[in-house]
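Analysis of the macromolecular model
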Amino acid sequence: MAKERELLLDQYSTRVFKNRKSHITQLEFAEEPDEITANTRAIPGIITARGCCYAGCKGVVVGPMKDSVVITHGPIGCAFYSWATRRNKAKSSYEGEPNFVPYSFCTDMRASDIVFGGEKKLEEGIDEIMRLFNPKCIFICSTCPIGLIGDDVQAVARRTEEKYGITAIGYSCEGYKGVSQSAGHHIANNGLMRYVIGKGEEAPKSKYSVNILGEYNIGGDGWEQERIIKKIGYEVVSVFTGDGSYETIKNSHLADLNLVMCHRSINYIAEMMKTKYGVDWIKVNFIGIGATCKSLRMIATYFNDPELTKRTEEVIAEELAEISEDMEYYKSKLKGKTAGIFVGGSRSHHYQMLLRDFGMETTIAGYEFAHRDDYEGREIIPQIKADADSKNIEEISVSREAGYEDRYSEEEMKEMRAAGVELDTYDGMLKDMKKGYMVVDDYNMFETDQLIEAYKPDIFFSGIKDKYAIQHGGVVSRQMHSYDYSGPYAGFRGAVIFGRDVAMSLYTNAWSLVKPPWKTTPMIEGMLGGAG
Ligand code: SF4
């Protein structure tokens, strides 16, 4: 076993060792492709960075939909801690469009609701919401006790629809479902597919249109992507779900192409829209200059229109000219530095491309809740077996809706794939990393310390729970979920902001003041024994 991997594992008890050893892989690229275990139950007491199913459903996927009211059904804690802590920005796109993102709605269940059931309180809450806000769509997100006491949130949603003529979805996304946020993504995808996508009839007005899937507009990332895509001339029908809305997502099946940013959280919808409506999807990455250019060119190749290809190149040239000087400057500051990235389910891959634009290498990386396909590529999906913890997550199947056809034949799609268009596929993170680098799934605090000791990265990107412990150890840490309240980091302009933030963190003068001067330089001058 390689030395670094050993360092992570050898202090574990036999049982923990047995569990963790397949979640930690040092890349070999031998005959056999590298394998990793993922999406399995976390070890109790190990200080995992993971969250829960409710966080994946309410916090990640449906929470950002600005014109929909999201009710947390349960005691107040889940609603309070997930209130405005994820920076999925949203603003009204037209006069009078509601924006409920700054609010947190909760049934605030008490002991009596646990004993006698919370459905009545939930329905009273919905009446109040309708009176005060009159939304067109309501999501009810269940927290841990709901499934245990047997509240039927789906029945409440159906009664709400009948009573008010709006769309209401009851989500059984109790925190203990599955093993992480990932279960919540899946549940949220199923609900959107069943009750929202396909409900609208407003067709796109432009010749070429896209949806951006799995983009949550953290720090304005989605806005920067939309700016570039619209500048080329595409129409953006909907964004799932950063600054997204019920009103746009219900028309999303009429767009020409789906662009998938976060594969983990939205691949279910991408696949189901392909099956039901024939909408192809392409795995894009708008994090990093090279990655953004590659994605834009892939989209243009997909539509195969010389005018569009020309316009794409013009926009790329204009955007590069605008940022090239800044990029050069930050590259001169960052070149040769190394990084670790441990984020949820997609950024640990995306940001490696952006760091490479600055001449930085990511030597250690991992995810909290990704599945094997996010690490190893979608081709291994048939080998993945659902374990007992994931079997209670509903799989829904859809079939082709009458009147919808595939845009391209299988043969044409094959040709496009050969031309480099990542159509209906994703290759995963491992293939983009180098031999000897370490990949850790469901990392914990102990492993973080060991990784830092073994690889000595110049900077560690992860979340709020790790940040201060890492910086206390003298290593620069930047939050890769919240962007340390900065951003956007996507696209061309975002890359410059990222370069600035990383350079600022590494070169801040405070690092030279960590050791007090009396520990590094002699303060008193004198002579011993009175001689001389
Ligand atoms: S695990 Fe349960 S109690 Fe905790 S945040 Fe998730 S739903 Fe709420």
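The sections below set out a description of the structure shown in this document. (Residues numbered from 1 in each chain as written. Predicted model: local features only at pLDDT ≥ 70, side-chain atom pairs only at ≥ 80, totals over all residues. Heavy atoms only, no water.)

**Focus on the pattern of salt bridges**
Within this structure, the stated rule accounts for 43 salt bridges. Taking the shortest distance from any N to any O, the salt bridge between Lys 205 and Glu 202 comes out at 3.4 Å. Here Lys 205 and Glu 202 have matching classes, each one exposed. Put simply, Lys 207 and Asp 305 hold a salt bridge, and the shortest N to O gap is 3.4 Å. (Salt bridge = Lys/Arg side-chain N within 4 Å of Asp/Glu carboxyl O. Buried < 20%, exposed > 50% of the residue type's maximum accessible area, 1.4 Å probe, protein only.)

**Here's the deal with the packing of aromatic side chains**
The final tally for this structure, using the stated rule, is 26 aromatic pairs. Aromatic rings pair up to connect Tyr 351, Phe 358, Phe 461, Tyr 483, Tyr 489 and Phe 498 into one cluster. A cation sits over an aromatic face here: Lys 91 above Trp 223, 4.1 Å from the ring centre. The ring of Tyr 468 carries the charged tip of Lys 467 above its face, separated from the ring centre by 6.0 Å. (Phe/Tyr/Trp six-rings, centres within 6.5 Å; stacked < 30°, edge-to-face > 60°. Lys NZ or Arg CZ within 6 Å of the ring centre and 35° of its normal.)

**Here we look at the pairing of strand β11 (residues 361-367)**
One face of the sheet, then the other: side chains in a regular strand alternate in exactly this way. In terms of residue burial, β11 counts as a mostly covered element, since seven of its seven residues are buried. The sheet contact formed by strand β10 (residues 338-343) and β11 spans six bridges and is parallel. Bridge assignment links Thr 338 to a residue of β11, and that residue is Glu 361. Viewed along the sheet, the connection from β10 through helix α15 (residues 347-357) into β11 turns out right-handed. (Helix = DSSP H or I, 4+ residues; strand = E, 2+ residues; numbered from the N terminus. Pairing = 2+ DSSP bridges. Right-handed = clockwise from strand over helix to strand, strands pointing away.)

**Some details on the nonpolar core**
The nonpolar side chains of soluble globular proteins are, as a tendency, buried together. Of all hydrophobic cores here, the largest spans 98 residues; its most connected members are Tyr 171, Leu 192 and Phe 498. If one sorts the elements of this core by residue count, helix α13 (residues 289-303) sits on top with eight residues. If near-sequence neighbours (up to four positions away) are discounted, Tyr 171 is found in contact with Cys 57, Val 62, Phe 139, Ile 140, Cys 141, Ser 142, Val 153, Gln 154, Ile 187, Ala 188, Gly 191 and Leu 192. Counting residues in each nonpolar core, the second largest holds 20 residues, with Ile 46, Tyr 443, Ile 452 and Phe 460 among its members. (Core = buried A, V, L, I, M, F, W, Y, C linked by side-chain atoms within 4.5 Å. Contact = heavy atoms within 4.5 Å.)

**Observations concerning unusual backbone geometry**
Across the junction of Phe 240 and Thr 241, the peptide omega takes the value -5°, indicating a cis bond. Along the polypeptide, Thr 241 turns up in strand β7 (residues 235-241). The peptide bond linking Gly 487 to Pro 488 adopts the cis configuration, its omega dihedral lying at -5°. For Pro 488, the position within the fold is in the loop between β14 (476-479) and α20 (491-507). In the Ramachandran plot, Asp 243 falls in the positive-phi region, its phi being about 55° despite a non-glycine side chain. With respect to the helices and strands, the residue Asp 243 is situated in the loop between β7 and α11 (246-249).

**Observations regarding the side chain of Glu 376**
Positionally, Glu 376 belongs in helix α16 (residues 372-376). Beyond its immediate chain neighbours, meaning those up to four positions away, Glu 376 contacts Asp 34, Glu 35, Ile 36, Asp 427, Leu 430 and Lys 431.

**A few points about a nonpolar patch on the surface**
Together, Ile 76, Phe 80, Tyr 81 and Trp 83 make up a nonpolar patch on the protein surface, roughly 500 Å² of accessible area in all. Relative to the helices and strands, Ile 76 is located in helix α4 (residues 76-81). (Patch = residues over 30% accessible without salt bridge, like charges linked within 9 Å, V, L, I, M, F, W, Y side chains within 5 Å. Areas by Shrake-Rupley, 256 points an atom, 1.4 Å probe, with all protein chains shown as cover.)

**Focus: the sheet that holds strand β3 (residues 105-106)**
One open sheet holds the four strands; their spatial order is β3-β2-β4-β5, and the pairing between them is parallel. Taken across any chain shown, the strands that pair with only one partner, and hence form the sheet edges, are β3 and β5 (167-171). By the bridge criterion, two bridges tie strand β2 (residues 68-73) to β3 in an arrangement that is parallel. Note that in β3 the partner of Ile 71 across the bridge is Phe 105. Along the sheet, helix α9 (residues 181-195) contacts β4 (137-142) and β5; its crossing angle with β5, the most-contacted strand, is approximately 155°. (Axes fitted to C-alpha atoms, helices over the stretch in contact; angles between N-to-C directions.)

**Considering the environment of Ala 255**
Tracing the backbone through its elements, the reader meets Ala 255 in the loop between α11 and β8 (257-260). Along the backbone, Ala 255 and Val 210 are 45 residues apart, and their C-alpha atoms lie at a distance of 5.4 Å. If we skip the residues at most four places from it in the chain, Ala 255 touches Pro 204, Ser 209, Val 210, Asn 211, Val 237 and Val 279.

**Regarding the packing of helix α10 (residues 221-232) against α20**
Look at α10 against α20: their axes get within 8 Å of each other, and the N-to-C directions meet at 140°. Put simply, α10 runs oblique to α20. Where α10 approaches α20, its residues Glu 224, Arg 227 and Ile 228 are matched on the opposing element by Gly 491, Phe 492, Arg 493 and Gly 494. For the contact of α10 with α20, the class distribution of residues is two nonpolar, two polar and three charged. (Parallel < 35°, antiparallel > 145°, perpendicular 65-115°, else oblique. Nonpolar A, V, L, I, M, F, W, Y, C, P; charged D, E, K, R; others polar.)

**Digging into the sheet that holds strand β9 (residues 280-283)**
One open sheet holds the four strands; their spatial order is β7-β6-β8-β9, and the pairing between them is parallel. Edge strands, defined here as strands with exactly one partner in the open sheet, are β7 and β9. Averaged over all pairs of adjacent strands, the angle between their axes in this sheet comes to 25°, without regard to strand direction. Pairing between strand β6 (residues 209-215) and β8: four bridges, direction parallel. Residue Leu 213 lies in a different strand from β8, and its bridge partner there is Val 260.

**Section: the packing of α13 against α20**
The geometry of a pair of packed helices is captured by two quantities: the angle between their axes and the separation between those axes. At a minimum axis distance of 9 Å, the contact between α13 and α20 shows a crossing angle of 170°. Relative to α20, α13 is oriented roughly antiparallel. Of the residues in α20, those touching α13 at Ile 289, Thr 292, Cys 293 and Leu 296 are Gly 491, Phe 492 and Ala 495. Residues that form the contact of α13 with α20 fall into these classes: five nonpolar, two polar and no charged.

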